[in-house]
Amino acid sequence: MKKVLVLEDEANIRSFIVINLIRAGYEVVEAETGEEALEKLRLHRDVRVALLDIMLPGIDGFEVCRRIRAGNPQIGIIMLTARSQEMDKVTGLMTGADDYVTKPFSPAELTARVDALMRRSGGVAPEAGDGELRQPPFLLNTRNRTLEKNGQRIKLTQVEYAIMKMFMENPGKALSREEVLDLVWGRDYFGELKIVDVNVRRLRLKIEDNPTNPTYITTVWGYGYKWGI
Ligand code: CA
C-alpha cells in the first residue's frame, strides 16, 4: 500500500487533502501537530511521502522536516506553503524537503506532486550497468543508491541522488536548468526552475570542499550547471 502522511493543523484543509489522496489511491495517516506527525512516522514506518504544513502550533513544519531527515533520507517530503511566503519555499528545501506546493492548490496539482515523489521513492529497484559511477573523489553506487566521497558515505535525499547521478553521467557537459528539471523531476512536472537552484545549493553543501566556491557542480552563468570546471 502506498502510504502518505498529512500534517496540517487546519481541519478543513486537512480533510480536503486526505479525501483527494484517498481518491487517488493512497492510504493516508493524519497528524494535527508536528509532534504527532513524528510519533505517527515512528509507528508507520512504511510511509513513503510526507506532506508538511509550515505554520503549526508547537514545532513548525521546517523543524519537523529537519527531524525527519535526520533519521530518514529516503522518505519524500513536500512542504505546504502559503503564496505570500516566498522565502518558505527556499527554507523548506534547505531543511531537506524535496518539493513544495503553494496554497491554494488543486487536487490534480497535489496528487501529481505526490505521484512524482512516490515514483522516485519507490524506484529502488536495481539499475542496469555495473552499478558504479566513478568520478574521483566520488563513487556513486547505483544499486544501493549511495554516494561516497573519499570513501566516506554522504547521505542524500532521493532528489539529491538523482541530481548527482545526472551530473556524474554527464561530466563536463553544461546542462540548462530546464534540462535538469526535465531529467530529475520528469517532463510532466510543472514546478518552478527555482527548485533546481535550491536543490543544487543544498547538494553543494554536502559534496563540495568549499560550497561557496564550488568546483564539482559549477555554475554556467545565465544557463545552468556543469559537472567539473
Ligand atoms: Ca497551518
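How each quantity is defined
- Residues numbered from 1 in each chain as written.
- Predicted model: local features only at pLDDT ≥ 70, side-chain atom pairs only at ≥ 80, totals over all residues.
- Heavy atoms only, no water.
- Buried < 20%, exposed > 50% of the residue type's maximum accessible area, 1.4 Å probe, protein only.
- Helix = DSSP H or I, 4+ residues; strand = E, 2+ residues; numbered from the N terminus.
- Arc of directions from axis to C-beta.
- Pairing = 2+ DSSP bridges.
- Axes fitted to C-alpha atoms, helices over the stretch in contact; angles between N-to-C directions.
- Contact = heavy atoms within 4.5 Å.
- Domains from an automatic or database assignment.
- Buried area = accessible area lost by both parts, 1.4 Å probe.
- Salt bridge = Lys/Arg side-chain N within 4 Å of Asp/Glu carboxyl O.
- Phe/Tyr/Trp six-rings, centres within 6.5 Å; stacked < 30°, edge-to-face > 60°.

What follows covers helix α7 (residues 177-185). Buried residues of α7: V180, L181, V184 and W185, and no others. For α7, the buried positions fall inside an angular range of 100° around the axis, keeping them on one side. Downstream of α7 by a residue or two, G186 has a phi angle that is positive, lying close to 95°.

Moving on: the sheet that holds strand β5 (residues 99-103). Strands sit in the order β2-β1-β3-β4-β5 across an open sheet of five strands; the sheet is parallel. The open sheet terminates on both sides in strands that have one partner only, identified here as β2 (27-31) and β5. With strand direction ignored, the average angle separating the axes of adjacent strands in the sheet is 20°. Pairing analysis gives five bridges linking strand β1 (residues 3-7) to strand β3 (residues 47-53), with the strands arranged parallel. When the sheet's bridge partners are listed, V4 is paired in β3 with V49. Lying over the sheet, helix α1 (residues 11-23) contacts β1, β2, β3, β4 (76-82) and β5, oriented at roughly 165° with respect to β2.

Time to look at the pairing of β5. In terms of burial, β5 is largely enclosed, as five of its five residues are buried. The side-chain alternation of β5 yields two buried faces, one formed by D99, V101 and K103 and the other by Y100 and T102. One ladder, built from five bridges, connects β4 with β5; its direction is parallel. Along β5, the bridge assignment pairs L80 with V101.

Attention shifts here to the domain arrangement of the chain. Partitioning the chain into domains gives domain 1 (2-121) and domain 2 (132-227). Computed from C-alpha atoms alone, the centre-to-centre distance between domain 1 and domain 2 is 24 Å. Summing both sides of the interface, domain 1 and domain 2 together bury roughly 1800 Å²; the carbon and sulfur share of this comes to 54%. Counting across the interface, domain 1 meets domain 2 through zero salt bridges.

A few words on the sheet that holds strand β6 (residues 132-135). Remark on secondary structure: sheet strands pair via backbone hydrogen bonds, oriented parallel or antiparallel. Taking strand neighbours across the sheet as the criterion, the four strands line up as β6-β7-β8-β9 in an open arrangement whose pairing is antiparallel. Edge positions in the sheet fall to β6 and β9 (152-154), since each has one partner strand and no second. Strand-to-strand twist of the sheet, defined as the mean angle between neighbouring strand axes without regard to direction, takes the value 25°. Relative to β9, strand β8 (residues 146-149) is paired through three bridges, and the arrangement is antiparallel. Bridging across to β9, K149 finds its partner in Q152. Of the strands in this sheet, β6, β7 (138-141) and β8 touch helix α6 (residues 158-169), which is tilted by about 115° from β7.

The relative placement of two aromatic rings is captured by the distance of their centres and the angle of their planes. A full pass over the atoms with the stated rule returns five aromatic pairs. Chaining the aromatic ring pairs together yields one cluster made of F138, F167, Y216 and W227.

A few words on the pattern of salt bridges. The full count for this structure, using the stated rule, is 18 salt bridges. R42 is the partner of E39 in a salt bridge, and the nearest nitrogen-oxygen pair spans 3.1 Å. One end of the pair, E39, and the other, R42, are both in helix α2 (residues 34-43), three residues apart, so they sit about a helical turn from each other. Judged by its relative accessible area of 38%, E39 is partly exposed. Classification of R42 by relative accessible area gives partly exposed; the value is 48%. A network of salt bridges, in which partner residues are shared, links K3, E27 and D46.

Mapped onto the fold, N199 is located in helix α8 (residues 194-207). Discounting chain neighbours no more than four positions away, the residues touching N199 are L93, D98, V159, I163 and W185.

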